[in-house]
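# Chain and residue survey
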Amino acid sequence: MWKNGIELVKQVYQLSDKLPSEERFGLRSQITRASVSVPSNIAEGCSRNSEVEFKRFLEIAIGSLFEVETQLVIAQELKFIEEKELEIIFTLIQKEARMINSLINKIKNS
């Protein structure tokens, strides 16, 4: 889960290089910060002493994951990125969402 999040960050950074330079402090900054938030919150949650706190950080991570997805759709709609370029990242996002949701559900049911 954390490792997949790191891979997502790498893919997002590579793709964000294709955004126009005038988006450096706009959409590009938003996408990269949100992507970094995913594995960062997973890591921080792991360091917590309670499952309730861990679950909360996982929920924040999944929120950031959906932010990344939304921002990439926006970039595509603005014609900054082609749909085909997003396939790998969207696959990573779906995989990460399944893993995070699975762990959240395990924590809820324990």
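Check the entry above for the structure.
Throughout, a residue's number is its position along its own chain's written sequence, starting from 1. Where local features are concerned, this predicted model is filtered to residues with pLDDT of at least 70; where side-chain atom pairs are given and counted, the filter is 80 or more; whole-chain, interface and lining totals use all residues. Based on all heavy atoms of the structure, the side-chain values leave hydrogens and waters out of the count.

### Re the overall build of the protein chain
By definition, any uninterrupted DSSP run of H or I lasting at least four residues is a helix, any uninterrupted run of E lasting at least two residues is a strand, and each is numbered from the N terminus. From N to C terminus, the protein chain includes four helices and zero strands. Each helix and strand of the protein chain, placed in order from N terminus to C terminus, yields the pattern α-α-α-α. Only C-alpha atoms enter the radius of gyration; for comparison, a globular chain is expected to reach 2.2 Å times N to the power 0.38, where N is the number of residues. Relative to its length of 110 residues, the protein chain is compact, with a C-alpha radius of gyration of 14 Å against a globular reference of 13 Å. C-alpha extents for the protein chain along the principal axes are approximately 45 × 25 × 20 Å. A burial count over the protein chain gives 41% of its 110 residues as buried. Approximately 6600 Å² of the protein chain is accessible, and the part contributed by carbon and sulfur atoms is 52%. Considering the protein chain, the positive charge centre built from 15 side chains and the negative charge centre built from 16 side chains are found 5 Å apart. Burial classes: relative accessible area under 20% of the type maximum marks a residue as buried, over 50% as exposed, and values in between as partly exposed (1.4 Å probe, protein chains only). Using a 1.4 Å probe, the Shrake-Rupley method yields the accessible areas, and only the shown protein chains count as cover for residues. Residues scored as charged are limited to Lys and Arg (positive) and Asp and Glu (negative), so that His and the chain ends carry no count. Charge positions come from single atoms, namely NZ of Lys, CZ of Arg, CG of Asp or CD of Glu.

### A short note on unusual backbone geometry
A positive phi is found at Lys-79, a non-glycine position, where the angle reads about 70 degrees. Relative to the assigned elements, Lys-79 resides in the loop between helix H3 (51–77) and helix H4 (83–109). What makes Lys-79 exposed here is its relative accessible area of 73%.

### Regarding the pattern of salt bridges
Any Lys or Arg side-chain nitrogen found within 4 Å of a carboxyl oxygen on Asp or Glu counts as a salt bridge. Tallying each qualifying case throughout the model produces seven salt bridges. Between Arg-28 and Asp-17 there is a salt bridge; the shortest N-O distance is 2.7 Å. Of the two residues, Arg-28 is situated in helix H2 (residues 27–46) and Asp-17 in the loop between helix H1 (2–16) and H2; the sequence distance between them amounts to 11 residues. Given a relative accessible area of 23%, Arg-28 falls into the partly exposed group. Between Lys-18 and Glu-85 there is a salt bridge whose closest N-O contact spans 2.8 Å. With Lys-18 in the loop between H1 and H2 and Glu-85 in helix H4, this residue pair connects regions lying 67 residues apart in the sequence.

### What about the packing of H2 against H3?
In contact at an axis separation of 8 Å, H2 and H3 are set at 160 degrees when each is read in the N-to-C sense. Taken together, the axis directions place H2 and H3 in an arrangement best described as roughly antiparallel. Here H2 and H3 pass one another in a crossing that is left-handed. Each residue is assigned to one of three groups, with Ala, Val, Leu, Ile, Met, Phe, Trp, Tyr, Cys and Pro labelled nonpolar, Asp, Glu, Lys and Arg labelled charged, and all others, Gly among them, labelled polar. Partitioned by chemical class, the residues of the contact of H2 with H3 number 16 nonpolar, seven polar and two charged. Between N-to-C directions, angles span 0 to 180 degrees; the directions come from axes that are lines fitted to C-alpha atoms, helices contributing only their stretch in contact. These descriptions rest on fixed angle ranges, namely under 35 degrees for roughly parallel, over 145 for roughly antiparallel, 65 to 115 for roughly perpendicular, and the rest for oblique. Crossings are classed by handedness, with left-handed meaning an anticlockwise turn of the near helix from the far one by less than a right angle and right-handed meaning a clockwise turn.

### Side note on the packing of H3 against H4
Across the interface, H3 lies against H4 with an axial gap of 10 Å and an inter-helix angle of 160 degrees. Classed by the angle they form, the pair H3 and H4 counts as roughly antiparallel. Where H3 crosses over H4, the two elements pack in a sense that is left-handed. Here the residues of the contact of H3 with H4 are counted per class, giving 17 nonpolar, two polar and seven charged.

Any functional reading would require information beyond the geometric quantities listed.
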